[in-house]
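These are the residues of each chain, in order.
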Amino acid sequence: MTAAVEARARAEFDVEIRAETSPLTQEERRRALRDFDIVVPTLGDAFDEATFADVPEPRCRLLANFGVGFNHIDVAAAKAAGIAVSNTPGAVTDATADIAMTLMLMTARRAGEGERLVRSGAWQGWHPTQMLGLHLTGKHVGIVGFGRIGEAIARRCHYGFAMEVSYLARSNKTPDFPVTRANSLVELAASVDVLVLAVPGGAETRHLITAEVLGAMRSTALLINIARGEVVDEAALIAALEQGQIAGAGLDVYEFEPKVPEALRQMDQVTLLPHLGTATEEVRSDMGQLALDNVAAFVAGQALVTPV
Ligand SMILES: NC(=O)c1ccc[n+]([C@@H]2O[C@H](COP(=O)([O-])OP(=O)(O)OC[C@H]3O[C@@H](n4cnc5c(N)ncnc54)[C@H](O)[C@@H]3O)[C@@H](O)[C@H]2O)c1
Ligand SMILES: O=C(O)[C@H](O)CO
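Reading the values: the criteria
Residues numbered from 1 in each chain as written. Chains lettered and ligands numbered in written order. Predicted model: local features only at pLDDT ≥ 70, side-chain atom pairs only at ≥ 80, totals over all residues. Heavy atoms only, no water. Salt bridge = Lys/Arg side-chain N within 4 Å of Asp/Glu carboxyl O. Helix = DSSP H or I, 4+ residues; strand = E, 2+ residues; numbered from the N terminus. Buried < 20%, exposed > 50% of the residue type's maximum accessible area, 1.4 Å probe, protein only. Near = heavy atom within 4 Å. Polar contact = N/O pair within 3.5 Å; in protein donor to acceptor, adjacent residues only side chain to side chain. Areas by Shrake-Rupley, 256 points an atom, 1.4 Å probe, with all protein chains shown as cover. Nonpolar A, V, L, I, M, F, W, Y, C, P; charged D, E, K, R; others polar. Pairing = 2+ DSSP bridges. Contact = heavy atoms within 4.5 Å. Axes fitted to C-alpha atoms, helices over the stretch in contact; angles between N-to-C directions. pLDDT = per-residue confidence, 0-100. Arc of directions from axis to C-beta. Parallel < 35°, antiparallel > 145°, perpendicular 65-115°, else oblique. Left-handed = near helix turned anticlockwise from the far one by under 90°. Phe/Tyr/Trp six-rings, centres within 6.5 Å; stacked < 30°, edge-to-face > 60°. Patch = residues over 30% accessible without salt bridge, like charges linked within 9 Å, V, L, I, M, F, W, Y side chains within 5 Å.

1. Describing the pattern of salt bridges
This model, assessed by the stated rule, comprises 23 salt bridges. Between Glu 28 and Arg 18 there is a salt bridge whose closest N-O contact spans 3.1 Å. Taken together, the residues span a long stretch of sequence, with Glu 28 in helix α2 (residues 26-35) and Arg 18 in the loop between α1 (3-12) and α2 at a distance of 10 residues. By relative accessible area, which is 28% here, Glu 28 ends up partly exposed. Arg 218 is the salt-bridge partner of Asp 193, the closest N and O atoms lying 3.0 Å from each other. Taken together, the positions of Asp 193 in the loop between α8 (185-191) and β7 (194-197) and Arg 218 in the loop between α9 (211-216) and β8 (222-225) put the pair 25 residues apart, joining distant regions of the chain. Residue Asp 193 is classed as buried on the basis of its relative accessible area of 10%. Salt bridges linked by common partners bring Glu 16, Glu 27, Arg 30, Arg 31, Arg 34, Asp 35 and Asp 54 together as one network.

Structure below.
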């Protein structure tokens, strides 16, 4: 956590801060539930059904997740064990939308490939047809999942790049700019230049992006994923890229994170970021403060600020 968040945690609570940044081991997760009143986990700390079953009488009463995505927590099993769950919505929205735009621009304009060329020393200089990419302005973007981040991406696409925006969602959305709701994922995939994923992870959205969806996309289209890796069938994505069914992909998240398949790492038409969505000092501090606001409310016997 950032220094500001650590300082507040130490000032307000009797706190143990784990030094390692790797995901909690199964034994650490058991200990977390057994020995602490409140735990602040983050993505990768898999509080699944088995973990709760391993600790029949947990001391823990709140998992105050650091992050908006909570697909690593079995919320129903937590509830059954008498443990509340909170997350950090809103704090992450703009930064994650910015990373979606970064991926979109880098992939459309071949920025990673160009940077690698310059670094290699092999660049021969500007010429009229060097490294031509996709012009993003005025293109059609399709957004899968039109929640906080999905809408923030759409806003950037509309106001910043004059893009036509379509979306897939469970209900009608009415932002203050024109958008069109798609009837199905395949229809959306087939009609856009850039397909962006902004749904939560978890069982319901696992492998939402199948070979069929990728096959429906235009051969010039790009796939951008800032959601969760498991939303995409990664083997199908690699096949679609290898066969030229789609032109490129920009990925912040991976199905078996942090493992990134060698095939993807070898492809020039993909942009690969290490889950950077919220990686700014300000945003990680805001996320930490919101997680601690939930802890403080819980300790004071008040309603959680942002319950799951
Ligand atoms: N890359 C990163 O660093 C990063 C950062 C923040 C969030 N995220 C991911 O982004 C996700 C979205 O965050 P948010 O704050 O926008 O959440 P949100 O709940 O505001 O938005 C998610 C939207 O997806 C919709 N949805 C769910 N399943 C759907 C489906 N099958 N088809 C269409 N729509 C569906 C929901 O109804 C909701 O409107 C998080 O859950 C997290 O996994 C990633
Ligand atoms: O879910 C989230 O908030 C991100 O993936 C991490 O910031």
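2. Digging into the site of ligand 1
Taken together, 23 residues surround ligand 1, and among them Arg 148, Ile 149, Ile 226, Asp 252 and His 275 come closest. A distance of 2.9 Å separates a nitrogen atom of ligand 1 from a polar backbone atom of Ile 226. Within the side chain of Arg 228, a nitrogen or oxygen atom sits 3.3 Å from an oxygen atom of ligand 1. For ligand 1, whose free accessible area comes to 860 Å², the fraction covered by protein is 86%. The residue makeup of the shell around ligand 1, split by class, is 11 nonpolar, eight polar and four charged.

3. Digging into the sheet that holds strand β3 (residues 84-86)
The strand order β1-β2-β3 describes an open sheet built from three strands, whose pairing is parallel. Pairing within the sheet leaves two strands with one partner each, and these edge strands are β1 (38-39) and β3. Of the strand pairs in this sheet, β1 and strand β2 (residues 62-64) are connected by two bridges, and their pairing is parallel. Across the sheet, residue Ile 38 finds its bridge partner in β2, namely Leu 62. Of the strands in this sheet, β1, β2 and β3 are in contact with helix α12 (residues 281-299), which crosses β2 at around 160°.

4. Comments concerning the environment of Asn 294
Within the secondary structure, Asn 294 is located in helix α12. Separated by 229 residues in sequence, Asn 294 and Asn 65 have C-alpha atoms that sit 9.4 Å apart. Not counting residues within four places of it along the chain, the set of residues in contact with Asn 294 comprises Leu 62, Ser 86, Asn 87, Leu 304, Val 305, Thr 306 and Pro 307. Within the structure, the side chain of Asn 294 is placed 2.9 Å from the backbone nitrogen of Val 305, a separation counted as a polar contact.

5. With respect to the site of ligand 2
For ligand 2, the full set of nearby residues is Leu 43, Gly 67, Val 68, Gly 69, Val 92, Arg 228, His 275, Thr 278 and Met 287. A distance of 2.8 Å separates an oxygen atom of ligand 2 from a polar atom in the side chain of Arg 228. Coverage of ligand 2 by the protein amounts to 88% of the 230 Å² it exposes when considered alone. Partitioned by chemical class, the residues of the shell around ligand 2 number four nonpolar, four polar and one charged.

6. With respect to the confidence of the model for the chain
Overall, the prediction assigns the chain a mean pLDDT of 98, with 100% of residues at 70 or greater. Confidence metrics for the complex model read pTM 0.98 and ipTM 0.99.

7. A look at α1
Every buried residue of α1 is accounted for by Val 5, Arg 8 and Ala 9. When α1 is viewed along its axis, its buried side chains cluster within an angular range of 100° and face the same direction. Exposed positions of α1 whose direction lies more than 90 degrees from the buried face are Ala 3 and Ala 11. The secondary structure elements touched by the buried residues of α1 are α12.

8. Some thoughts on the packing of α1 against α12
The contact between α1 and α12 brings their axes to 9 Å, and the two run at 20°. If you check the angle between α1 and α12, you find them roughly parallel. For the pair α1 and α12, the crossing hand works out as right-handed. Of α12, the residues touching α1 (which contributes Ala 4, Val 5, Arg 8, Ala 9 and Glu 12) are Arg 284, Ser 285, Gly 288, Gln 289, Leu 292, Asp 293 and Ala 296. A per-class count over the contact of α1 with α12 returns five nonpolar, three polar and four charged.

9. Description of the packing of aromatic side chains
As enumerated under the stated definition, the model contains three aromatic pairs in all. Plain terms: the ring middles of Tyr 159 and Phe 177 are 5.7 Å apart, the flat faces sit at 70° to each other, and that makes the pair edge-to-face. Placement of Tyr 159 in helix α7 (residues 148-161) and of Phe 177 in the loop between β5 (164-168) and β6 (180-181) is noted, with a sequence separation of 18 residues between them. What makes Phe 177 buried here is its relative accessible area of 5%.

10. A few points about a nonpolar patch on the surface
There is a patch of nonpolar side chains on the surface, built from Val 118, Trp 123 and Trp 126 and spanning about 410 Å² of accessible area. You can see Trp 123 is positioned in the loop between α6 (111-120) and β4 (140-144). Trp 123 sits in the partly exposed class, given a relative accessible area of 44%.

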